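Next come the chains, spelled out residue by residue.
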Amino acid sequence: MIFQATHLVDSVAFPQVNPETGNIDVDWARLQVETAQDFSHDKPFMTFFSGSLNYQVAHHLFPSIAQEHLPAVAKIVRQTATEFGVKYEIKEGLWAAIGGHIGLLKMLGTPPTGSH
């Protein structure tokens, strides 16, 4: 469930592949930040319970860093994202993060406008 709450949610980017090049025309670091979301920052129990997966964005950027350093790294990432205008999504708690997954499921289950 935590994977869905950090990746498959209605508030993250789903970049399109450029059909001419086969690439995603987004900077690698921006892609890591804008295609995942965090939740429950500054909540030690949730960090322990989730194995630090509540700091998913920092993990994507720095996968080799020990998990106990992710909260400190996330603060720097958040400041840097703000400085460069990169959307860094952090939900207040696990249920809010799961709500984003439910929102995506609802959106995916809604027929496109004008369909039969």
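Residues numbered from 1 in each chain as written. Predicted model: local features only at pLDDT ≥ 70, side-chain atom pairs only at ≥ 80, totals over all residues. Heavy atoms only, no water.

**Structural notes on a nonpolar patch on the surface**
And step 1. Taken together, the side chains of Phe3, Leu8 and Phe14 make up a nonpolar region of the molecular surface, amounting to roughly 290 Å² of accessible area.
And step 2. For Leu8, a relative accessible area of 34% translates into the label partly exposed. (Patch = residues over 30% accessible without salt bridge, like charges linked within 9 Å, V, L, I, M, F, W, Y side chains within 5 Å. Areas by Shrake-Rupley, 256 points an atom, 1.4 Å probe, with all protein chains shown as cover. Salt bridge = Lys/Arg side-chain N within 4 Å of Asp/Glu carboxyl O. Buried < 20%, exposed > 50% of the residue type's maximum accessible area, 1.4 Å probe, protein only.)

**Side note on the confidence of the model for the protein**
And step 1. Chain-level pLDDT for the protein is 91 on average; 97% of the residues reach the 70-or-more range.
And step 2. When mean pLDDT is compared element by element in the protein, helix α5 (residues 70-84) scores highest at 97, while helix α1 (residues 2-7) scores lowest at 77. (pLDDT = per-residue confidence, 0-100. Helix = DSSP H or I, 4+ residues; strand = E, 2+ residues; numbered from the N terminus.)

**Some remarks on helix α6 (residues 94-108)**
And step 1. Spanning 15 residues, α6 covers 21 Å between terminal C-alpha atoms, matching the ideal 21 Å at 1.5 Å per step.
And step 2. Along α6, the residues that are buried comprise Leu94, Ala97, Ile98, Gly100, His101, Gly103 and Leu104.
And step 3. In this fold, the buried residues of α6 make contact with α1, β1 (37-39), α3 (44-50) and β2 (89-91). (Expected span 1.5 Å × (residues − 1). Contact = heavy atoms within 4.5 Å.)

**Overview of the packing of aromatic side chains**
And step 1. Enumeration over the complete set of coordinates arrives at one aromatic pair.
And step 2. Ring centres 5.9 Å apart and planes at 15 degrees place the aromatic pair Phe45 and Phe49 in the stacked group. Taken together, the residues Phe45 and Phe49, both in helix α3 and four residues apart, mark about one turn of the helix. (Phe/Tyr/Trp six-rings, centres within 6.5 Å; stacked < 30°, edge-to-face > 60°.)

**Some points on unusual backbone geometry**
What you tend to see is this: most non-glycine residues have negative phi, and most peptide bonds are trans.
And step 1. Its identity is not glycine, yet Ser40 carries a phi of approximately 55 degrees, on the positive side.
And step 2. Notably, Ser52 is not glycine yet its phi reads approximately 70 degrees, a positive angle.

**Points about the pattern of salt bridges**
And step 1. Taken as a whole, this structure holds four salt bridges when the rule is applied.
And step 2. Across the salt bridge formed by Lys91 and Glu89, the nearest N and O atoms sit 3.0 Å from each other. The pair formed by Lys91 and Glu89 is uniform in burial state, with each residue classed as buried.
And step 3. Salt bridges sharing common partners tie together Lys87, Glu89 and Lys91.

**Topic: the nonpolar core**
And step 1. Among the nonpolar cores identified, the biggest contains 13 residues, and Val33, Val57, Ala58, Leu61, Ala74, Val77 and Tyr88 are the most heavily contacted of them.
And step 2. Within the residue set of this core, elements represented by two or more residues are α4 (56-61) and α5.
And step 3. Top contributing element to this core by residue count: α5, with five residues.
And step 4. In this structure, Ala74 is in contact with His41, Tyr55, Ala58 and Tyr88, ignoring residues within four places of it in sequence.
And step 5. Counting residues in each nonpolar core, the second largest holds seven residues, with Ile2, Met46, Leu94 and Ala97 among its members. (Core = buried A, V, L, I, M, F, W, Y, C linked by side-chain atoms within 4.5 Å.)

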